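Overview (structure and organization)
So the chains spell out like this:
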Amino acid sequence: IESSLNKEKDSLIFTLLFKSKGYVGLDFGSNMKNVDIIMVQIEDDNLTIYDSYSQGAGRPSLDTELGGTDDIENKTFEILKSTENQDYKYKVSFTRKLKTKDTQYDFMIESLEEMRKQNPKSNGKQLFSVAWVIGKPISYHDKNILKTHISLSTELNLVYLGEKLLPGTEDD
């Protein structure tokens, strides 16, 4: 998973590489209770990206089913040509505004600068989890989950996912 910041459009650009069909859930929190989740599914060489919300254990509901909006934009899907040194078969990219108009079902992503203004002692880290299943459509991920954090600096145009620094971008 790679993420970069587009300051001009106040959005994050996500890029995911897949080795096979399956799904990845990007969870703006640490559990399944009242949390914004972006689900990316590849099945039969087709891409589906869901803007969803989880009220508890089980499959999350689409934001639109709950009265919210689908705020995933610029969805791209590429089937990569096989090469000797390439482990990945699919490349997926999409953008998501830092602050959407769907205030009930979307997590508002705050920058380090905003968090520090609100709470000077804040370390600027926001909980973020990644869950996945390989080879199957969306289903229970069992123990396939990584809990980490996401931090971003709009002043420095940088995104941190976990401890890894990801450079920002000014591109569209």
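Residues numbered from 1 in each chain as written. Predicted model: local features only at pLDDT ≥ 70, side-chain atom pairs only at ≥ 80, totals over all residues. Heavy atoms only, no water.

Here the focus is the sheet that holds strand 8 (residues 90-97). Overall, antiparallel pairing links the four strands, which are arranged 1-2-8-7 in an open sheet. Pairing within the sheet leaves two strands with one partner each, and these edge strands are strand 1 (2-6) and strand 7 (72-79). Sheet twist, expressed as the average angle between the axes of neighbouring strands with direction ignored, equals 15 degrees. (Pairing = 2+ DSSP bridges. Helix = DSSP H or I, 4+ residues; strand = E, 2+ residues; numbered from the N terminus. Axes fitted to C-alpha atoms, helices over the stretch in contact; angles between N-to-C directions.)

Counted by the stated rule, this structure contains two salt bridges. R96 is the partner of D36 in a salt bridge, and the nearest nitrogen-oxygen pair spans 2.7 Å. Linking D36 in strand 4 (residues 35-43) with R96 in strand 8, this pair joins segments that are 60 residues apart in sequence. We classify D36 as buried; its relative accessible area is 3%. In this structure, D70 engages K75 in a salt bridge whose closest nitrogen and oxygen atoms are separated by 3.7 Å. Taking the relative accessible area as the measure of exposure, D70 reaches 40% and is therefore partly exposed. (Salt bridge = Lys/Arg side-chain N within 4 Å of Asp/Glu carboxyl O. Buried < 20%, exposed > 50% of the residue type's maximum accessible area, 1.4 Å probe, protein only.)

Before going further, it helps to spend a moment on the nonpolar core. Counting 21 residues, the largest nonpolar core has F14, F18, L26, I38 and F94 as its most contacted members. Breaking this core down by element, the ones donating at least two residues are strand 2 (11-18), strand 3 (22-27), strand 4, strand 8 and strand 9 (126-134). With four residues, the single largest contributor to this core is strand 2. If sequence neighbours within four positions are ignored, I38 has contacts with V24, G25, L26, F28, I49, Y50, I72, F94 and R96. Counting residues in hydrophobic clusters, the runner-up holds seven residues, among them V35, I37, Y50 and I138. (Core = buried A, V, L, I, M, F, W, Y, C linked by side-chain atoms within 4.5 Å. Contact = heavy atoms within 4.5 Å.)

This brings us to the environment of T48. Following the sequence through the fold, T48 ends up in strand 5 (residues 46-54). In this structure, the C-alpha to C-alpha distance between T48 and Y23, residues 25 residues apart in sequence, is 9.4 Å. T48 has contacts with M39, V40 and Q41, leaving out every residue within four places of it along the chain.

Counting buried positions along strand 3 gives six out of six residues, so the element sits mostly inside the fold. Burial along strand 3 is two-sided: G22, V24 and L26 and Y23, G25 and D27, pointing in opposite directions, are all buried. Note that strand 3 and strand 4 share six bridges and pair antiparallel. Pairing of L26 across the sheet is with I38, part of strand 4.

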